[in-house]
Amino acid sequence: MSAEAAVTPATGSRFRFGGIWPIVTILAALLVVIAFRQPDFYDPPVLLAFMKRAAPLVILAAGQYFVIAAGDFDLSVGSLVTAEVVIAARLIDGDPSLTWPVIGVMVGFGLLVGLVNGVVTTLLHVPSFITTLGMYLILVGAVYTWTGGSPRGALSEEFRLIGRKGIEGIPVLGQLPYAVLVLIGVAVLVIVTMRSDFGRILLAVGDNPRAAALSGVRTARVRTIAFLFSGALAAVAAILLGGFGGVSFQVGAGLEFTAITAVVLGGVVLGGGRGSVTGAMLGALTLETLFTLLNLLGVSGALKSAVQGLIIIAAVAIGTLRRR
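Residues numbered from 1 in each chain as written. Predicted model: local features only at pLDDT ≥ 70, side-chain atom pairs only at ≥ 80, totals over all residues. Heavy atoms only, no water.

Draft legend 1. Structural detail: a nonpolar patch on the surface. A cluster of nonpolar side chains, Leu-112, Leu-115, Val-116, Val-119, Leu-123 and Leu-124, forms an exposed patch at the surface whose accessible area comes to about 510 Å². Checked against the element boundaries, Leu-124 lands in the loop between helix H5 (99–123) and helix H6 (128–147). (Patch = residues over 30% accessible without salt bridge, like charges linked within 9 Å, V, L, I, M, F, W, Y side chains within 5 Å. Areas by Shrake-Rupley, 256 points an atom, 1.4 Å probe, with all protein chains shown as cover. Salt bridge = Lys/Arg side-chain N within 4 Å of Asp/Glu carboxyl O. Helix = DSSP H or I, 4+ residues; strand = E, 2+ residues; numbered from the N terminus.)

In structure tokens, the structure reads:
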């Protein structure tokens, strides 16, 4: 019996555990409330502008899902986003001809950070919480040292249009943002990946790594690949955020916790083995919808952190009850 066959029966029910209906219900309720508060929210241009704004977080949550589903954490993604944007601005420095080479460098750097996180966690047996926290501090310190404490250079207009512009002249829609197209592409990629043998094996490793290893699964390789997904998708999110928000040391601040909040809100259990990537992405969309509603209600943005904390505590408590 192959490793894939050995783990498939054990993980099939886990993958469907809880389903995505709770988060769909919450999202639908929030959208109804927003419709009463802002009736034009469902006008195609307004709705697409919202999706463009939400795209980086949804993509980041998809990457975080792979790591959490494998039983780990990635606390470095926020600092990685910041580092990617600052490095891109320094390398491009307004030169349009460097746009696509630098985008390639950004994706490569994201993969490198993911690889280091994965290798240190799996081969050196350092807990992922400590590994990625250390990577977070390394990236922050390195970027500040390299730039002298102030971002330098500039992103080219060709770079920024990926996050800010779109295909013009679309009937009814007006403009179809490039960020939404990138989001659709990422969503298809991660959903197909999780429906493959790799997805079932990933959940098996997160649910019971020892049993998966005894079945012949190379658990270290699977967990490292999860970190590679996280790093690469953080780079994609950085590309969109760089175009949407510009160059700043705050561009990725706190995103690691927001992404984790989105994942657990989507029904993914911390500790691994349960939940779907669709749920994680819907969790990010729901969180962005909630923040939009709070803004419409005039609630202070400082409340976002409190909301995220409550969601994480509630999600962990519910996950514990489910396991029992």
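Draft legend 2. Looking closely at helix H9 (residues 197–207). For H9, the buried fraction is high: eight of the eleven residues fall into the buried class. Restricting attention to buried positions, one finds in H9 the residues Phe-198, Gly-199, Ile-201, Leu-202, Leu-203, Ala-204, Val-205 and Gly-206. (Buried < 20%, exposed > 50% of the residue type's maximum accessible area, 1.4 Å probe, protein only.)

Draft legend 3. Region of interest: unusual backbone geometry. Even without glycine at this site, Asp-93 takes up a positive phi of about 50°. Mapped onto the elements of the fold, Asp-93 is located in the loop between helix H4 (77–92) and H5. You can call Asp-93 exposed: its relative accessible area is 53%. Of note in this structure, His-125 is not a glycine but carries a positive phi near 60°. With respect to the element layout, His-125 can be found in the loop between H5 and H6. Exposure remark for His-125: the relative accessible area of 67% places this residue in the exposed category.

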